[in-house]
Amino acid sequence: MSEGRRPDPRLVGDCVHCGFCLPACPTYELWGEEMDSPRGRIHLIDQLIEGAPADDVLTGHLDACLGCLACVPACPSGVRYDLLIGAARAQVEDEHRRPLADRLLRGLIFALFPRPGRLRLLRGPLTAYRAMGLERLMARDAPLGRLVPRLAMLARLAPERPERPTRERLPARTPAKGTTRARVGMLTGCVQREFFPGVNAATARVLAAEGVEVITPRRQGCCGALSLHTGRDREARRFARRTMKAFKDVDVVVTNAAGCGSALKEYREILGEEPPFRVVDVAELLHELGPVAERRPLPITVAYHDACHLANAQGIRTAPRRLLQQIPGLTLREIGDGGMCCGSAGVYNVLHPDPAMELGDRKADAIARTGADVLVTANPGCLLQIADAFKRRDTPPPRLAHTVEILDESINGR
Ligand code: SF4
Ligand code: SF4
């Protein structure tokens, strides 16, 4: 029995084959192949609907899609490629048997990433791996790196010095300072919680300073973003139900990881019911509320990178830029590459290391050209991917930070 979504033929019918989406698509930009463009993939999804088998070729072109959704705002006909690719991936997961190596790698990824407890257990071995200099063995051009490129990419993406979650453990309730203007539940995420706990702590401090009471449920787990965006619908539904239960006592859930926020906003599609809370990205909420906390000057130059699942999936581009521009002394620079995906795209960079590295290198070049001291974005995956790309360059990297960390520095001096 099928477990997942199926693509809606009416959505395929909305495509008029004009090709306006092609220049926005990173994989079409890389390879120039029609079947690796949004229009080509919509044609393949149409074939899937018509009963074509989910064979290696069709699956390969759909797997090669980053899911960056740059094609969605680029489409003048309003084609919902986001819904089409999500449902097509669910069908492929149900009908296609992948090669053994692929199944093993995906099994490893989904045994680790959506499980913060297991990610935490990796901290010791990761530190030892770096201390023993084993990174050299996993370099892109090292023999082992060439032999197992996807495992090598997974190892390289791990943060240099993961922050200690215990130092930044959040209280179950962070009261608002001054007048309470809102009350929210905060999703702490999996990778965010274990590798960037400072971002969660900064989020709570900034929200509190802006008059927001923050509830952080202890018993929250993965929101299901990675599962949802790779077509693992049954797993995604399980995570979604558990998340809905964890946040049953709040009316608003705030996220600070673009992929998580976009997944929560898709719960209606996967569960067939509206979640009982509103989902907002932290930048979206702060922009809506308007500033009350005093901003101290920060004399830095910032390049802001649009995380695809914030800009394309949630349409949030202005809010983070405005929040940064409200900081006295801060200069904001645009990266100037049309907002092209950095190649992170959930677990795409592990599953497809070569195109991901090509896109990462292009992004690092564009960031370096801005001359900014700090690169700011709103997704842990982008931060890891861009950090990895800068390791391959001779030029010194900019400091990498989440939007709320910069706000926290200005508001709270942290
Ligand atoms: S998805 Fe939109 S932009 Fe792309 S070919 Fe179809 S109608 Fe044109
Ligand atoms: S989601 Fe991104 S990679 Fe996939 S077809 Fe659209 S633009 Fe191309």
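About the thresholds
- Residues numbered from 1 in each chain as written.
- Chains lettered and ligands numbered in written order.
- Predicted model: local features only at pLDDT ≥ 70, side-chain atom pairs only at ≥ 80, totals over all residues.
- Heavy atoms only, no water.
- Near = heavy atom within 4 Å.
- 1 Å grid on protein atoms, 1.4 Å probe; cavity = no way out; pocket = protein on both sides within 12 Å on 5 of 7 lines; lining within 4 Å.
- Sits in = over half its atoms within 2 Å of the grid points.
- Nonpolar A, V, L, I, M, F, W, Y, C, P; charged D, E, K, R; others polar.
- Salt bridge = Lys/Arg side-chain N within 4 Å of Asp/Glu carboxyl O.
- Helix = DSSP H or I, 4+ residues; strand = E, 2+ residues; numbered from the N terminus.
- Buried < 20%, exposed > 50% of the residue type's maximum accessible area, 1.4 Å probe, protein only.
- Pairing = 2+ DSSP bridges.
- Contact = heavy atoms within 4.5 Å.
- Axes fitted to C-alpha atoms, helices over the stretch in contact; angles between N-to-C directions.
- Phe/Tyr/Trp six-rings, centres within 6.5 Å; stacked < 30°, edge-to-face > 60°.
- Lys NZ or Arg CZ within 6 Å of the ring centre and 35° of its normal.
- Points joined across faces, edges and corners; volume = space filled by probe spheres on them.
- Expected span 1.5 Å × (residues − 1).
- Arc of directions from axis to C-beta.

> Teacher, can you tell me more about the site of ligand 1 here?
Around ligand 1, a shell composed of 13 residues is seen, among which C15, C18, G19, C21 and C75 lie nearest. When each cavity is represented as a set of grid points, ligand 1 is found to reside in the largest cavity. Taken together, the residues of the shell around ligand 1 sort by class into nine nonpolar, three polar and one charged.

> Would you take a moment to explain the pattern of salt bridges for this structure?
When the charged atoms of two side chains with opposite charge come close together, those side chains can pair. Using the criterion set out here, one finds 30 salt bridges in the structure. D365 is the salt-bridge partner of R393, the closest N and O atoms lying 2.2 Å from each other. Within this pair, whereas R393 is found in the loop between α23 (380-391) and β9 (399-402), its partner D365 is found in helix α22 (residues 353-370), the two being separated by 28 residues in sequence. The exposure class of D365 is partly exposed, given its relative accessible area of 34%.

> How should I be thinking about the sheet that holds strand β4 (residues 252-255) in this particular structure?
Hydrogen bonds between backbone groups are what pair the strands of a sheet, and the pairing can be parallel or antiparallel. The sheet built from five strands is open, its strands ordered β1-β3-β2-β4-β5 with mixed pairing. The sheet is open, and its two borders are formed by β1 (173-174) and β5 (278-281), each paired with just one other strand. Together, β2 (182-186), β3 (212-215), β4 and β5 form the strand contacts of helix α18 (residues 282-289), whose direction differs from that of β5 by roughly 90°.

> For this particular structure, what's the right way to read the sheet that holds β9?
Across the sheet, four strands lie side by side as β7-β6-β8-β9; this open sheet has parallel pairing. Across the chains shown, the open sheet's two edge strands, defined by having one partner strand only, are β7 (331-333) and β9. Between one strand and the next, the sheet's axes are offset by a mean angle of 30°, whatever the strand orientation. Taken together, the three bridges between strand β6 (residues 301-304) and β7 define a ladder with parallel strand orientation. Counterpart to A303 in the pairing with β7 is R333.

> Can you walk me through unusual backbone geometry in this structure?
Peptide bonds are trans in most cases, and residues, glycine excluded, mostly fall at negative phi. With a phi close to 60°, H17 is a non-glycine residue in the positive phi region. The residue H17 is located in the loop between α1 (9-13) and α2 (26-31) in this model. For A345, which is not glycine, the phi torsion reads 50° and is therefore positive. Following the sequence through the fold, A345 ends up in the loop between β7 and α21 (348-351).

> Can you walk me through the environment of T403 in this structure?
By the element assignment, T403 lies in helix α24 (residues 403-412). What T403 contacts, discounting residues up to four positions off in sequence, is Y304, P320, L324, V376, T377 and A378.

> Help me understand the pairing of β3 in this model?
Looking down a regular strand, the side chains alternate between one sheet face and the other. Side chains V212 and V214 project from β3 onto one buried face, and the interleaved E213 and I215 project onto a second face that is buried too. Summarising the sheet, β1 and β3 pair through two bridges and their orientation is antiparallel. What sits directly across from T174, in β3, is V214. Here four bridges tie β2 to β3, and the two strands are oriented parallel to one another. Its bridge partner lying in β3, V184 is registered against V214.

> How should I be thinking about the packing of aromatic side chains in this particular structure?
Centre-to-centre distance and the angle between the planes together describe a pair of aromatic rings. This structure, assessed with the given rule, holds one aromatic pair. When the centroid spacing of 6.3 Å and the interplanar angle of 70° are considered together, the rings of F247 and F277 count as edge-to-face. Of this pair, F247 sits in the loop between α15 (233-246) and β4 while F277 sits in the loop between α17 (267-271) and β5, placing them 30 residues apart in sequence. Residues F247 and F277 agree in their burial class; the two are buried. Taking the ring centre of F110 as reference, the NZ or CZ of R232 above it sits at 3.9 Å.

> I'm lost on the environment of L330 in this one. Help?
Within the secondary structure layout, L330 lies in the loop between α20 (318-325) and β7. Spatially, the C-alpha atom of L330 lies 5.9 Å from that of T301, the residues being 29 residues apart in sequence.

> Quick question: what am I supposed to make of empty space enclosed by the protein here?
Any empty space left between the atoms is revealed when a probe the size of a water molecule rolls over them. Counted under the stated rule, the structure contains two cavities of 30 Å³ or more. Taken as a whole, the largest cavity encloses approximately 120 Å³ of empty space. The wall of the largest cavity is formed by 15 residues, among which C15, C21, I42, C75 and V79 lie closest to the centre. If one sorts the elements of the lining of the largest cavity by residue count, helix α3 (residues 38-49) sits on top with three residues.

> It is not clear to me how helix α7 (residues 100-112) should be interpreted in this structure. Could you clarify?
The α-helix winds at 3.6 residues per turn, so residues separated by three or four positions along the chain end up facing the same way. For α7, with 13 residues, the first-to-last C-alpha span of 18 Å sits near the 18 Å given by 1.5 Å per residue. All of the buried residues along α7 are D102, L105, R106, I109, F110 and L112. Along the axis of α7, the buried positions cluster into a sector of 165°, meaning they face one direction only. In α7, those exposed residues whose orientation departs by more than 90 degrees from the buried face are L100 and L104.

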